[in-house]
Amino acid sequence: MALRPVQVNIKALDASAVSRFWAEALGWSAYSPGVTTYVGPAGGLVWPDPVVVGVNVVPVPEPKTTAKNRVHLDLSTTSAAHAAELVAHLQALGATPADVGQGKVPWTVLADPEGNEFCVLEPREIHRDTGPIARMVVDCADPRAMARFWGEALDWTLHEMTDDHAVLRSAKGVGPYLEFLRTPGVKTVPDRVHLDLLPYPGDDKAAEVARLRALGATDLDLGQGDVPWTCLADPEGHEFCVLAQS
């Protein structure tokens, strides 16, 4: 029994504009089969994608607060020239420079049109085959504890673990990395960005949710009502959802 991340969920006031931004940013396409807009590889909607973790943009009535998101994306690049070109392209799409206290670093911190922070990384060999999303990064107080919880929750493999960060990736060696980064401060507002998980075919969603609760996840009431997914929070309070196969 295990779960897999299938999409990064981003809340937006203007879901169509934010989904267009991320489709252009990632070189993917935006698909709107219902209320939400899914951003994934071009060529037709395939969900769940066997390799990539997509982006699902959900319309909400509240704007983002000034607080930094506790979850963000890192985008990959293949060369210094590519990094510069990508930053220029993203700014032309509506991204703006963001200061999250990063100081002098080799990567570029930006925010999407609604203020969601993300990074354009300098070229790194480790990201040569991740696709456009290199990492999904989660701010936390205890990377080791987070790696233990998420390592049990997912079928992903632990690649690195120190007091400052922990890194997981699909056991298939494809797609983005999931990084837990020790960061000062605590969660003070609901997450604007979170992960959505999905059981594998044949696995029982209710049993998976029960397993997560036993690992330390807690139930979360966001006013979602009667929906086919289950909202939970990890041991540090980061929200996530377990989706139904249908």
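The structure reproduced in this document is the subject of the present report. (Residues numbered from 1 in each chain as written. Predicted model: local features only at pLDDT ≥ 70, side-chain atom pairs only at ≥ 80, totals over all residues. Heavy atoms only, no water.)

**Section: the packing of aromatic side chains**
The tally for this structure, following the rule as stated, stands at 7 aromatic pairs. Site record: aromatic cluster; members linked through ring pairs are Phe149, Trp150, Phe180 and Phe240. Its end group placed over the ring of Tyr177, Arg135 keeps NZ or CZ at 5.1 Å from the ring centre. (Phe/Tyr/Trp six-rings, centres within 6.5 Å; stacked < 30°, edge-to-face > 60°. Lys NZ or Arg CZ within 6 Å of the ring centre and 35° of its normal.)

**Things to note about the pairing of strand β7 (residues 108-111)**
Regular strands place their side chains on alternate faces of the sheet. Where strand β6 (residues 96-97) meets β7, 2 bridges bridge the pair, whose relative direction is antiparallel. The partner of Thr96 across the bridge, within β7, is Ala111. Pairing analysis gives 4 bridges linking β7 to strand β8 (residues 117-120), with the strands arranged antiparallel. The residue of β8 that forms the bridge with Leu110 is Phe118. (Pairing = 2+ DSSP bridges. Helix = DSSP H or I, 4+ residues; strand = E, 2+ residues; numbered from the N terminus.)

**What to know about the side chain of Asp139**
Inspection of the secondary structure puts Asp139 in strand β9 (residues 133-140). Residue classification places Asp139 among the buried positions, given a relative accessible area of 3%. Within polar-contact distance, the side chain of Asp139 engages the side chain of Lys68 at 2.6 Å. Beyond its immediate chain neighbours, meaning those up to four positions away, Asp139 contacts Lys68, Asn69, Arg70, Leu181, Thr183 and His238. (Buried < 20%, exposed > 50% of the residue type's maximum accessible area, 1.4 Å probe, protein only. Polar contact = N/O pair within 3.5 Å; in protein donor to acceptor, adjacent residues only side chain to side chain. Contact = heavy atoms within 4.5 Å.)

**Notes on the sheet that holds strand β14 (residues 218-219)**
Pairing is mixed across the open sheet formed by 8 strands, whose spatial order is β2-β3-β4-β1-β13-β16-β15-β14. Lying at the two open borders of the sheet, with one neighbouring strand each, are β2 (29-31) and β14. Here strand β1 (residues 3-12) runs beside strand β13 (residues 193-199); their pairing, made up of 7 bridges, is antiparallel. Residue pairing for β13: Pro5 is matched across the bridge by Leu197. Sheet strands in contact with helix α1 (residues 15-26) are β1, β2, β3 (37-40) and β4 (54-59), and its direction is about 165° off that of β4. (Axes fitted to C-alpha atoms, helices over the stretch in contact; angles between N-to-C directions.)

**Some details on the nonpolar core**
Counting residues in each nonpolar core, the largest one holds 49 residues, and the members touching the most others are Trp22, Leu90 and Trp150. In terms of residue count, the dominant contributor to this core is α1 (7 residues). In terms of nonpolar packing, the next biggest core, distinct from the first, is built from 6 residues, Ala98, Val109, Cys119 and Ala134 among them. (Core = buried A, V, L, I, M, F, W, Y, C linked by side-chain atoms within 4.5 Å.)

**Notes on unusual backbone geometry**
Of the consecutive residues Trp47 and Pro48, the connecting peptide bond is found in the cis state with omega at -5°. Secondary-structure assignment places Pro48 in the loop between β3 and β4.

**Comments concerning the packing of α1 against helix α2 (residues 80-93)**
Two elements in contact, α1 and α2, have axes separated by 10 Å at closest approach and are oriented at 160°. The angle between the axes of α1 and α2 places the two elements in the roughly antiparallel class. The chirality of how α1 crosses α2 is right-handed. Facing Phe21, Glu24 and Ala25 of α1, the residues of α2 in contact are Leu86, His89, Leu90 and Leu93. (Parallel < 35°, antiparallel > 145°, perpendicular 65-115°, else oblique. Left-handed = near helix turned anticlockwise from the far one by under 90°.)

**So, α1**
Taking 1.5 Å of rise per residue, 12 residues should cover 16 Å, and α1 covers 16 Å from first to last C-alpha, within 8% of that figure. All of the buried residues in α1 are Ala15, Val18, Ser19, Phe21, Trp22, Ala23, Ala25 and Leu26. Of the residues one or two after α1, Gly27 is the one with positive phi, at around 75°. (Expected span 1.5 Å × (residues − 1).)

**Here we look at the pairing of β3**
Residues Thr37 and Val39 line one face of β3 and the alternating positions Tyr38 and Gly40 line the opposite face, and both faces are buried. In this sheet, β3 lies alongside β2 in antiparallel orientation, the contact comprising 3 bridges. Bridge pairing in β3 links Ser29 to Gly40. Taking the residues between adjacent antiparallel strands as the criterion, β2 and β3 are bridged by 5 residues.

On their own, these measurements won't tell you what the molecule is for.
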